[in-house]
Amino acid sequence: MSPAMDAAWPSLLDVFGGRPSARSIHFIIAMLLVLFFLVHILMVVLVGPINEVWSMITGRYRLPRERH
Amino acid sequence: MAGVITRRKLIAGVAAGGSSIALSAWTGPTYDSFFQDNVLSIGQWLNYHVQRLIIGNALAQEFPESDMSPVFRTNGNTDPGTPEYQKLAADQFTDWLLRIDGLVDSPTSYSLAELRAMPSRTQITRHDCVEGWSAIGKWTGVQLGRLLKQVGLQPNVRFILFHCADNFDGTPYYESIDLVDAFHPQTLLAYAMNGEPLSIGHGAPLRLRVERQLGYKQAKYVMRVEAVALLSGMGGGQGGYWEDAADYYWYAGI
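Residues numbered from 1 in each chain as written. Chains lettered and ligands numbered in written order. Predicted model: local features only at pLDDT ≥ 70, side-chain atom pairs only at ≥ 80, totals over all residues. Heavy atoms only, no water.

(A) Structural context of the confidence of the model for chain B. Taken residue by residue, chain B gives an average pLDDT of 91. The fraction at 70 or more is 88%. Taken over the whole predicted complex, pTM reads 0.81, whereas the ipTM for its chain interfaces reads 0.74. (pLDDT = per-residue confidence, 0-100.)

This is the structure:
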């Protein structure tokens with residue numbers, strides 16, 4: 001934690017088990033979040049971005065015409 | 001519909017995007033003063049004000065003697081090396097005077113003996129360097145707020161500047177803090193470290209301790225304290241040597 005935040009909330013250091021482990025937790029979770037975003041954006045793009053984003057806003061999802 | 005984005009196009013696009021990100025990471029961020037002045041500065045402003053709101057007058061953590069670091073590294077300049085400074089050091093700083101002036105009612109000079117005779121504060125705190133290392137040491141000195149009350153600040157004072165004896169390639173080191181930190185009880189002009197007179201490596205005869213900010217704020221070799229209304233009149237105008245030289249944030253609570 002930063003010197004100023006340590007002054008405000010010194011118990012934060014104990015919660016995260018000290019600075020080195022706080023850093024590790026921070027970067028692992030940050031990387032997982034980035035991965036989460038990338039995977040989900042990829043899924044939207046694969047499904048068809050315009051139809052997919054439109055369905056998020058309006059709730060209407062246009063199904064592909066059935067092929068015979 | 002089908003065929004808008006083929007799998008092949010997608011893979012090519014991801015590869016192109018990824019490689020451009022990798023390339024920009026490889027070449028490093030290019031300095032962009034527009035981005036610095038108009039985007040990053042907003043983050044700094046927000047960070048400063050939000051932290052001030054959250055932190056108030058909270059004290060930095062103090063530690064027992066058993067937590068003190070066996071080795072407290074010296075960093076930055078470890079000896080000003082100028083003829084004037086060497087002369088002062090040769091006499092154990094008996095001829096040294098701390099000048100407090102600027103927008104004050106009664107500009108005053110203090111000798112080291114006078115500062116040592118004043119009521120002191122001793123605190124064992126952690127020094128956090130911007131480089132990532134930290135060390136716990138014991139600091140003894142006069143509370144800056146006590147000195148500022150003695151000389152009397154004028155109503156338009158907003159910052160306290162610290163002029164130092166050391167320099168980097170001829171550019172003098174200096175730092176500045178706001179009045180919240182200047183009057184914080186743990187903000188000291190320290191003349192002793194770990195129970196002994198401050199060594200030259202750690203900033204003899206006097207250094208600043210601003211315990212809720214990073215190491216580059218803890219100006220060593222303080223020669224003169226100046227009360228100012230604006231930071232623009234000194235150096236590059238950013239409030240400190242590293243702020244001018246390398247765009248360090250002026251508020252180092254981080």
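Here the narrative resumes.
(B) Representation of the sheet that holds strand 6 (residues 171-178) of chain B in the model. Residues and elements named next belong to chain B. Judged by pairing direction, the sheet is mixed, and its 5 strands sit side by side in the order 2-1-10-5-6 without closing on themselves. Taken across any chain shown, the strands that pair with only one partner, and hence form the sheet edges, are strand 2 (108-111) and strand 6. On average, each strand axis in the sheet is inclined to that of its neighbour by 20°, with strand direction left out of account. Pairing geometry for strand 1 (residues 97-102) and strand 10 (residues 222-228), over 4 bridges, is parallel. Bridge assignment links Ile-100 to a residue of strand 10, and that residue is Val-225. Sitting on the sheet, helix 5 (residues 144-151) is in contact with strand 1, strand 2, strand 5 (159-168) and strand 6, with an inclination near 140° to strand 2. (Pairing = 2+ DSSP bridges. Helix = DSSP H or I, 4+ residues; strand = E, 2+ residues; numbered from the N terminus. Axes fitted to C-alpha atoms, helices over the stretch in contact; angles between N-to-C directions. Contact = heavy atoms within 4.5 Å.)

(C) Examining the packing of helix 3 (residues 19-47) of chain A against helix 4 (residues 49-58) of chain A more closely. Residue and element names in this part refer to chain A. For the pair helix 3 and helix 4, interaxial distance at closest approach is 6 Å and the crossing angle is 110°. One finds that helix 3 runs roughly perpendicular with respect to helix 4. Contacts from Val-44, Val-45 and Val-47 of helix 3 reach helix 4 at Pro-49, Glu-52, Val-53 and Met-56. Each residue belonging to the contact of helix 3 with helix 4 can be placed in one class, and the counts come to 6 nonpolar, no polar and 1 charged. (Parallel < 35°, antiparallel > 145°, perpendicular 65-115°, else oblique. Nonpolar A, V, L, I, M, F, W, Y, C, P; charged D, E, K, R; others polar.)

(D) Structural detail: the state of the cysteines. Residues and elements named next belong to chain B. Evaluation of the coordinates by the stated rule reveals 0 disulfides over all chains. Cysteine Cys-129 is unpaired, with the sulfur of Cys-164 as its nearest cysteine sulfur at 16 Å. Residue classification places Cys-129 among the buried positions, given a relative accessible area of 10%. Look at Cys-164 and you get buried, because its relative accessible area is 10%. (Disulfide = S-S within 2.5 Å. Buried < 20%, exposed > 50% of the residue type's maximum accessible area, 1.4 Å probe, protein only.)

(E) Structural context of the interface of chain A and chain B. Contacts between the two partners involve 17 residues from chain A, matched on the other side by 23 residues from chain B. Linking chain A with chain B are 2 salt bridges, by the criterion used here. Asp-128 of chain B is the salt-bridge partner of Arg-19 of chain A, the closest N and O atoms lying 2.6 Å from each other. Inspection of the region where chain A meets chain B yields 5 residue pairs in polar contact (both at pLDDT 80 or more). Of all the elements in the fold, those that place two or more residues in the side of chain A that touches chain B are helix 1 (3-8) and helix 3 of chain A. (Salt bridge = Lys/Arg side-chain N within 4 Å of Asp/Glu carboxyl O. Polar contact = N/O pair within 3.5 Å; in protein donor to acceptor, adjacent residues only side chain to side chain.)

(F) Spotlight on helix 4 of chain A. Residues and elements named next belong to chain A. Taken together, the buried positions of helix 4 are Asn-51, Glu-52 and Ser-55. Within helix 4, the buried residues cover an arc of 100° as seen down the axis, which keeps them to one side. In this structure, helix 4 carries Ile-50, Trp-54, Met-56 and Ile-57 as exposed residues pointing more than 90 degrees from its buried face. For helix 4, the elements touching its buried residues are helix 3. Directly beyond the C-terminal end of helix 4, a positive phi value near 85° is found at Gly-59. (Arc of directions from axis to C-beta.)

(G) How the structure looks around the packing of aromatic side chains. Per the counting criterion, the structure on display carries 14 aromatic pairs over all chains. With a centroid separation of 6.1 Å and an interplanar angle of 70°, the aromatic rings of Phe-36 of chain A and Phe-37 of chain A are classed as edge-to-face. According to the relative accessible area criterion, Phe-37 of chain A is partly exposed, its value standing at 48%. Where Tyr-85 of chain B meets Phe-93 of chain B, the ring centres are 5.6 Å apart and the plane angle is 55°; that geometry is what we call tilted. Neither Tyr-85 of chain B nor Phe-93 of chain B differs from the other in exposure class; each is buried. (Phe/Tyr/Trp six-rings, centres within 6.5 Å; stacked < 30°, edge-to-face > 60°.)

(H) View of the nonpolar core. Of all hydrophobic cores here, the largest spans 52 residues; its most connected members are Trp-96, Leu-98, Leu-115, Ile-160, Phe-162 and Leu-189 of chain B. The biggest single contributor to this core is strand 7 (residues 188-193) of chain B, with 6 residues. Non-local contacts of Phe-162 of chain B, meaning those with residues more than four positions away in its chain, are made with Leu-144, Tyr-173, Tyr-174, Glu-175, Ser-176, Ile-177, Leu-189, Leu-208, Ala-219, Val-222, Arg-224 and Val-225 of chain B. Within the second largest apolar cluster, 13 residues are counted, among which are Ala-4 and Met-5 of chain A together with Val-228 and Tyr-251 of chain B. (Core = buried A, V, L, I, M, F, W, Y, C linked by side-chain atoms within 4.5 Å.)

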